[in-house]
Amino acid sequence: MKKSFKFKRLATFIICFAVVAGVLSGTYFSEQPEIQAQTVAELQDQKKKNEDAIAALDKELSGLESDQNDQKAYQQTLSDQITLMQNNIKIVDEEMTRIKNDIAAKEENINKLKSDISDQEVQVGKNTDLFKQRLRAMYVTGNDSLAEAIVGSTDFYDMLSRVEMVNRIAEHDNDLIETLKTQITTLETSKSNLEKERLDLEMQKEEQDKKKTEYNGLIDEYNTAYEKSQDEIDRLALEAQSKNKSKEELENDNAKIEATQKEIEDEIKRKQEAAKAAAAAKQKADEEAAAAARAAAASASSSSSSSSSSSSSSSSSSGNNSSSSDNGNSGSSDNGGGSSEPEAPSSAGFSWPAPGFYYVSSEYGYRWGSLHAGIDIAGGGIEGASACAAKAGTVIAVSNSCTHNYGKDSNCCGNGYGNYVIIDHDGTYSTLYGHLESVYVSVGDYVSAGQAIGAIGSTGFSTGFHLHFEIRVNGTAVNPRDYL
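Rules used in this analysis
- Residues numbered from 1 in each chain as written.
- Predicted model: local features only at pLDDT ≥ 70, side-chain atom pairs only at ≥ 80, totals over all residues.
- Heavy atoms only, no water.
- Helix = DSSP H or I, 4+ residues; strand = E, 2+ residues; numbered from the N terminus.
- Contact = heavy atoms within 4.5 Å.
- Areas by Shrake-Rupley, 256 points an atom, 1.4 Å probe, with all protein chains shown as cover.
- Salt bridge = Lys/Arg side-chain N within 4 Å of Asp/Glu carboxyl O.
- Buried < 20%, exposed > 50% of the residue type's maximum accessible area, 1.4 Å probe, protein only.
- 1 Å grid on protein atoms, 1.4 Å probe; cavity = no way out; pocket = protein on both sides within 12 Å on 5 of 7 lines; lining within 4 Å.
- Points joined across faces, edges and corners; volume = space filled by probe spheres on them.
- Nonpolar A, V, L, I, M, F, W, Y, C, P; charged D, E, K, R; others polar.
- Phe/Tyr/Trp six-rings, centres within 6.5 Å; stacked < 30°, edge-to-face > 60°.
- Polar contact = N/O pair within 3.5 Å; in protein donor to acceptor, adjacent residues only side chain to side chain.
- Core = buried A, V, L, I, M, F, W, Y, C linked by side-chain atoms within 4.5 Å.
- Pairing = 2+ DSSP bridges.
- pLDDT = per-residue confidence, 0-100.

Undergrad: What should I look at first to understand the overall build of the protein in this one?
TA: If you tally the helices and strands in the protein, you get 5 helices and 12 strands. Of the contacts made within the protein by residues no fewer than 6 positions apart, 73% connect residues no fewer than 24 positions apart. In the form shown here, the protein has an accessible surface area of approximately 29,400 Å², with 51% of it arising from carbon and sulfur atoms.

Next up, the structure:
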């Protein structure tokens, strides 16, 4: 009896130890800080949006820089035109100076001709007066020069000489007057020509004045255009400054996102290590509890045998009933454990991910012109059934944003996978579970083989309720049939 009592105390202690270990392990997992399932994906999406915005800003900045260069080139053209107009004005000023000098010279010559004409006219007047006086004297005396010459001559030859002299005097008077008239006519002609030349120079001067006014007007237009161009350059510079500031803010935001992602990755890694350590501790505690239970059962069996040899048949019968009762409890415990354990894993260590459902509606391989990277597990009543982890590992990705099984397009929710879970298995292998109706786990959770991670549905690019299951080796999808 003492041995039986000692056995019961030992069994009670072992059971309590196992219960406490289980409670402690469960407490550890429940108290871990949960990382939101969408956090990493949302950060990545935001970073992608920022990068797209930065690329758009870079394109706009490139356009602004091109516009600024165009404006600067336009300003250079305006500057060249302004310089050209200034040079033209300089040439016009020089031409106007020459024309003014020519006009002054012409006016001076005209004035001199006027003086000469006036002098010639005076001289003609004097000679004409003398000629008139001579004619009047001849008329008053009643003798003309020719008669006087004939009467006063001493001989015939003297008479001829006197007549010739009279004729010559008369001819001289006529020639003198005609010469003076010719000179006056010539001076008048020269004066008229100079007047014409002066008028022509005045017209040239007016033309140069018009050119100068035109050039000055063009310079004003070019200066106005230059100022507008400078205003546009200043505006483009301000716009570029604003966009550079926005770009800098986006880059800073991305830097913060990367820092946050690093913190999350570090937290996930820490949780993974802690979860593995806790799982190892639980496994060790379970193994120790199982070993203690086996030792207790062996001790109880030995004690029962001793009691059977020294007790009556009724006591022996009672002992056998007790043992049978213990075995029944043990079997019940095993069955209970068996209900949560995965189906027998393959040689590769992977279990079937949809227990109780073995119909594969679509195998791994090419269909409809693209690779179907996994197998589709279907069957009647599969809606809402559990999708289970094919192997122990850490949840590294979760999409849980799809709220409907139907009413979708070709890329509905989760890039076609709908709600999905990706589990990493020791860095080399990973598994994906797609088209889930709901998800039970979060990024960073450590899951055991066979643990339910979600309910099977028809979210994403799916036409019926099924589980899309993939196995990936170093990120590349392989045929799951080779590993199950």
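Undergrad: Honestly, the pattern of salt bridges in this entry has me stumped. Any pointers?
TA: Where charged atoms from two side chains of opposite charge come close, those side chains can pair. A full pass over the atoms with the stated rule returns 17 salt bridges. Where Asp-102 meets Arg-98, a salt bridge forms, and the shortest distance between an N and an O atom there is 2.7 Å. Note that Asp-102 and Arg-98 are positioned in helix H2 (residues 39-141) at a spacing of 4 residues, about one turn of the helix. Of the charged contacts in the structure, one is a salt bridge between Arg-472 and Glu-470, with a shortest N-O distance of 3.0 Å.

Undergrad: Help me out: how do you make sense of the environment of Ala-392 in this one?
TA: Relative to the helices and strands, Ala-392 is located in the loop between strand S5 (386-388) and strand S6 (393-399). Relative accessible area serves as the criterion here: at 28%, Ala-392 is assigned to the partly exposed category. Separated by 57 residues in sequence, Ala-392 and Ala-449 have C-alpha atoms that sit 4.3 Å apart. When residues no more than four places from it in sequence are discounted, the contact partners of Ala-392 are Asp-424, His-425, Tyr-446, Val-447, Ser-448 and Ala-449.

Undergrad: Any chance you could explain the layout of surface pockets here in plain terms?
TA: Empty space left among the atoms is revealed by rolling a probe the size of a water molecule over them. Approximately 470 Å³ is the volume found for the second largest pocket. What lines the second largest pocket is a set of 20 residues, and nearest its centre among them are Arg-367, His-372, Asp-376, His-435 and Phe-461. Counting residues per element, the ones that place at least two in the lining of the second largest pocket are strand S3 (370-372) and strand S11 (467-473). The element contributing the most residues to the lining of the second largest pocket is S3, with 3 residues. Residue composition of the lining of the second largest pocket, grouped by class: 6 nonpolar, 11 polar and 3 charged.

Undergrad: How should I be thinking about the packing of aromatic side chains in this particular structure?
TA: The description of two aromatic rings rests on the distance between their centres and on the angle between their planes. Applying the stated criterion across every chain, the model contains 6 aromatic pairs. A centroid spacing of 5.7 Å and a plane angle of 70° characterise the contact between Phe-350 and Tyr-429, whose relative ring orientation is edge-to-face. Of this pair, Phe-350 sits in the loop between helix H5 (313-340) and strand S1 (359-362) while Tyr-429 sits in strand S8 (residues 429-439), placing them 79 residues apart in sequence. Exposure remark for Phe-350: the relative accessible area of 1% places this residue in the buried category. According to the relative accessible area criterion, Tyr-429 is partly exposed, its value standing at 26%. When the ring of Tyr-429 is compared with that of Tyr-483, the centres are 5.9 Å apart and the planes differ by 70°; the resulting orientation is edge-to-face. With a gap of 54 residues between them, Tyr-429 in strand S8 and Tyr-483 in the segment after strand S12 (476-478) connect regions that are remote in the sequence.

Undergrad: How should the side chain of Thr-431 be read in this particular structure?
TA: In this structure, Thr-431 sits in strand S8. Judged by its relative accessible area of 0%, Thr-431 falls in the buried class. Here the side chain of Thr-431 touches His-425 through a polar contact of 2.8 Å, side chain to side chain. Separated by 2.9 Å, the side chains of Thr-431 and Tyr-433 make a polar contact. Excluding its chain neighbours within four sequence positions, the residues that come into contact with Thr-431 are Phe-350, Val-421, Ile-422, Ile-423, His-425, Phe-469, Glu-470 and Ile-471.

Undergrad: So what exactly am I meant to see when it comes to unusual backbone geometry here?
TA: Excluding glycine, residues mostly carry a negative phi; peptide bonds, for their part, are mostly trans. Residue His-435 is not a glycine yet carries a positive backbone phi of 65°. Note on placement: His-435 falls in strand S8. Judged by its relative accessible area of 5%, His-435 falls in the buried class. One non-glycine residue, Asn-474, adopts positive backbone phi at about 55°. Mapped onto the elements, Asn-474 comes out in the loop between S11 and S12.

Undergrad: How do you make sense of the side chain of His-468 when you look at a structure like this?
TA: Inspection of the secondary structure puts His-468 in strand S11. Here the side chain of His-468 touches His-372 through a polar contact of 3.4 Å, side chain to side chain. Dropping the residues within four chain positions of it, His-468 is found in contact with His-372, Gly-374, Ile-375, Asp-376, Tyr-417, Leu-432, Tyr-433, Gly-434 and His-435.

Undergrad: I would appreciate a short explanation of the environment of Lys-112 in the present structure.
TA: If you trace the backbone, Lys-112 turns up in helix H2. Distance from Lys-112 to Leu-187, taken between C-alpha atoms, is 9.8 Å for residues 75 residues apart in sequence.

Undergrad: What should I look at first to understand the nonpolar core in this one?
TA: What tends to happen in soluble globular proteins is that the nonpolar side chains get buried as a cluster. By size, the foremost hydrophobic cluster in this structure holds 29 residues, and its most contacted members are Ile-377, Val-421, Ile-423, Tyr-433, Ile-453 and Leu-467. Mapped onto this core, the elements with two or more residues apiece are strand S4 (375-378), S6, strand S7 (419-425), S8, strand S10 (452-456) and S11. Among residues more than four places away in sequence, those in contact with Ile-377 are Trp-352, Pro-353, Ala-354, Phe-357, Tyr-359, Ile-382, His-466 and Leu-467. Membership of the second largest hydrophobic core comes to 10 residues, among which are Ile-82, Ile-89, Ile-219 and Ala-225.

Undergrad: Even after reading the chapter, I still don't get the pairing of S8, so can you show me in this structure?
TA: Each regular strand shows side chains that alternate between the opposite faces of the sheet. Summarising burial for S8: 8 of the 11 residues are buried, a large majority. Hairpin connection, S7 to S8: the antiparallel pair is bridged by 3 residues, and Asp-426 has positive phi, about 60°. As defined by bridge partners, S8 adjoins S10 across 3 bridges and the pair is classed as antiparallel. Residue pairing in the sheet places Ser-438 in a bridge with Ala-455 of S10.

Undergrad: Where do I start with the confidence of the model for the protein in this structure?
TA: Low-pLDDT portions of the prediction should not be read for the details of their coordinates. Summing up the model confidence of the protein, the mean pLDDT is 78 and the portion of residues at 70 or higher is 74%. Highest mean pLDDT in the protein belongs to S5 (97); lowest belongs to H5 (35). The low-confidence segment residues 15-38, where pLDDT is below 50, has 28 contacts with residues more than four positions distant or belonging to other chains. Of the regions scoring below 50 in pLDDT, residues 310-342 engages in 5 contacts with residues more than four places distant in sequence or in other chains.

Undergrad: Could you clarify how one ought to interpret the environment of Ser-462 in this entry?
TA: Positionally, Ser-462 belongs in the loop between S10 and S11. Between the C-alpha atom of Ser-462 and that of Tyr-417, which follows or precedes it by 45 residues, the distance is 8.2 Å. A polar contact is formed between the side chain of Ser-462 and the side chain of His-466, at a distance of 3.4 Å.

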